[in-house]
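Residues per chain, in single letters:
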Amino acid sequence: MKRGKKAEEASADGENDAGSAAAKKTKKAKEPEAPVLYEDPPDKMTSKDGRDANMKITSWNVDGLRAWVKKKGLDWVREEDPDVLCLQETKCADKDLPADITSMPEYPHKYWAASDDKGGYSGVAMLCKTEPLKVTYGIGKEEHDKEGRVITAEFPNFYLVTTYVPNASRGLVRLDYRKTWDEDFRAYLTELDIQKPLVLCGDLNVAHQEIDLKNPKGNKKSAGFTPEEREGFSQLLLAGFSDSFRELYPEQTNAYTFWTYMMNSRAKNVGWRLDYFLLSSSLLPGLCDSKIRNKAMGSDHCPITLHLAV
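All residue numbers refer to positions counted from 1 along the written sequence of the respective chain. Only residues with pLDDT of at least 70 get local features here, since the model is predicted, and only at 80 or more are side-chain atom pairs given and counted; chain-wide, interface and lining totals rely on the full set of residues. Values reported for side chains reflect all heavy atoms of the structure, with hydrogen atoms and water molecules removed beforehand.

**Some details on the UniProt feature "site: Important for catalytic activity" (unreviewed entry) in the protein chain**
What counts here: UniProt positions are given in the numbering used here, feature names are shortened, and annotations may be inferred rather than shown by experiment. Every helix listed is a DSSP run of H or I at least four residues long, and every strand listed is a run of E at least two residues long, numbered separately from the N terminus. Polar contact is defined as a pair of N or O atoms within 3.5 Å, subject to the rule that within protein one atom must be able to donate a hydrogen and the other to accept it, and that residues adjacent in sequence are counted only when both atoms are side-chain atoms.
Those residues carrying the UniProt feature "site: Important for catalytic activity" (unreviewed entry) are Asp 275 in this numbering. One can find Asp 275 in strand E10 (residues 275–280). Side-chain polar atoms of Asp 275 contact the side chain of Thr 257, separated by 2.5 Å.

Below is the structure:
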């Protein structure tokens, strides 16, 4: 998600111009407050029911695969070493995929989805160490599938779905489309869940609650925090899926996965939590940890990692 909203930054920085001018007349300008950062705690490798994690999945909106590869994103991936790597916003047609990633021996099974209509737009990928039983693309609806937003892999004990959810866009010009997407995507996931449990990961392009972004008051009408988008996420939870991060860290503040490039937002930790792992309820007993790797650079999003016992 790309943003550069004056309201966001103004509310981040505190006083308005008139207020700060008056303050300067009476006292020295206040020192800027130090940003409150999020420290990703040590990984928990055991589930609530006492099993050891045996599946590690990483998801990352790379904001352009070719640029991300040049920024050494693959070095971080090799260090993290997930069993499955899911990428969003690859913005790359098959013919333009960088050899650095297509030739990776660590992930012999690689799957790509790109936008049919627009080059350099949308796109998702899934790289697996172990071959899935089956891989499908899209959700079976042409209006959504032409943008290359979903890959689903079936493994013996679960489905893994990675997605790049449509952005409602500046001025909310795609909000109506987004509402249709949310409904159709939820129906797709619910059908899958009847067959076997699933893990959903990706950039869901919504901060669900006020705790999930730095400046909720200034963003009530911004893409990613409208009542309609938040309700769409709530409906997904009501359909039987759980936000793994909030399952483990319900009160954790200042934990974000996206920061606009403008106004030094990442250094100030003026961010949004837009990237998620959602789990079917039957997988929750095997949830070990849900990580936000906010020190990893290379995109305006950071990667997230799931540890699971399946």
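Here the narrative resumes.
**Overview of the sheet that holds strand E5 (residues 134–137)**
Note the following rule: Two strands form a pair only when DSSP identifies at least two bridges running between them. Between the N-to-C directions of two axes lies an angle of 0 to 180 degrees, each axis being a line fitted to C-alpha atoms and, for a helix, fitted only over the stretch in contact. Any two residues whose heavy atoms approach within 4.5 Å are treated as being in contact.
Spatial ordering of the open sheet is given by E5-E6-E7-E8-E10-E9, a layout of 6 strands whose pairing is mixed. Looking at the sheet topology across the chains shown, the edges are occupied by E5 and strand E9 (241–243). The mean angle between the axes of side-by-side strands here comes to 20°, regardless of whether they run parallel or antiparallel. Judged from the 3 bridges that link them, E9 and E10 form a sheet pairing that is antiparallel. The residue of E10 that forms the bridge with Ser 242 is Leu 279. Each of E5, strand E6 (150–154), strand E7 (159–164), strand E8 (198–203), E9 and E10 touches helix H7 (residues 175–195); the most contacted strand, E7, lies at about 170° to it. Sheet strands in contact with helix H8 (residues 227–238) are E8, E9 and E10, and its direction is about 120° off that of E9.

**Points about the UniProt feature "binding site: Mg(2+)" (unreviewed entry) in the protein chain**
We count it as follows: In this scheme, a residue with accessible area under 20% of its type's maximum is buried, one over 50% is exposed, and one in between is partly exposed, where area comes from a 1.4 Å probe on protein chains only.
UniProt marks Asn 61, Glu 89, Asp 203, Asn 205, Asp 300 and His 301 with the feature "binding site: Mg(2+)" (unreviewed entry), using the numbering shown here. Over a stretch of 241 residues, the named residues converge on one spot in the fold, their C-alpha atoms separated by at most 13.1 Å. With respect to the secondary-structure elements, Asp 203 resides in strand E8. On the accessibility criterion, Asp 203 (0% relative accessible area) is buried. Here His 301 is to be found in the loop between strand E11 (287–292) and strand E12 (304–308). Side chain to side chain, His 301 and Asn 61 meet in a polar contact 3.4 Å long.

**Examining the nonpolar core**
Applied cut-off: For the purposes of this section, nonpolar cores are sets of buried Ala, Val, Leu, Ile, Met, Phe, Trp, Tyr and Cys residues that join through side-chain atoms within 4.5 Å.
Grouped together as the largest cluster of nonpolar side chains are 34 residues, with contacts concentrated most on Ile 57, Val 84, Leu 160 and Val 199. Beyond its immediate sequence surroundings of up to four residues, Leu 160 is in contact with Ile 57, Val 84, Cys 86, Met 126, Ile 151, Thr 152, Ala 153, Phe 155, Val 199 and Cys 201. Listed in part, the 20 residues of the second largest apolar core include Val 150, Leu 204, Phe 233 and Leu 278.

**Quick word on the sheet that holds strand E2 (residues 84–88)**
Here we have 6 strands laid out as an open sheet, ordered E3-E4-E2-E1-E12-E11, and mixed in their pairing. Two strands lie at the open edges of the sheet, namely strand E3 (109–113) and E11, each paired on one side alone. Within this sheet the neighbouring strands show an average axis-to-axis angle of 10°, counted without direction. Note that E2 and strand E4 (residues 124–128) share 5 bridges and pair antiparallel.

**What to know about the environment of Tyr 261**
Looking at where Tyr 261 falls in the secondary structure, it is placed in the loop between helix H9 (244–248) and helix H10 (265–268). Residue classification places Tyr 261 among the exposed residues on the basis of a relative accessible area of 52%. Each C-alpha atom, one on Tyr 261 and one on Ser 299, is 9.3 Å from the other, the two residues being 38 residues apart in sequence. Residues contacting Tyr 261, with those up to four places away along its chain left out, are Asp 63, Lys 71, Ser 299 and Asp 300. In this structure the side chain of Tyr 261 is engaged in a polar contact, spanning 3.1 Å, whose partner is the backbone nitrogen of Asp 300.

**Thoughts on the packing of aromatic side chains**
The geometry of an aromatic ring pair is captured by two quantities: the separation of the ring centres and the angle between the planes. Selection criterion: We call Phe, Tyr and Trp rings a pair once their centres come within 6.5 Å, taking the six-membered ring for Trp, and we label the pair stacked below 30 degrees between planes, edge-to-face above 60, and tilted otherwise. The criterion is that NZ of a Lys, or CZ of an Arg, lies within 6 Å of the ring centre and within 35 degrees of the ring normal, and then a charge sits over that ring.
Enumeration over the complete set of coordinates arrives at 8 aromatic pairs. Considering the side-chain rings of Trp 181 and Phe 185, the 5.0 Å spacing of their centres and the 25° angle between planes classify their relative orientation as stacked. A residue pair is termed a helical-turn pair when its members lie 3 or 4 positions apart in one helix, as Trp 181 and Phe 185 do in helix H7 at 4 residues. There is no split in this pair, since Trp 181 and Phe 185 are both buried. Each ring, one from Phe 245 and one from Tyr 249, has its centre 5.1 Å from the other, and the planes form 40°; the classification is tilted. According to the relative accessible area criterion, Phe 245 is buried, its value standing at 3%. Ring pairing ties together the aromatic residues Tyr 38, Phe 245 and Tyr 249, which thus form one cluster. Directly above the ring of Tyr 121 sits Lys 118, whose terminal nitrogen or CZ lies 4.0 Å from the centroid.

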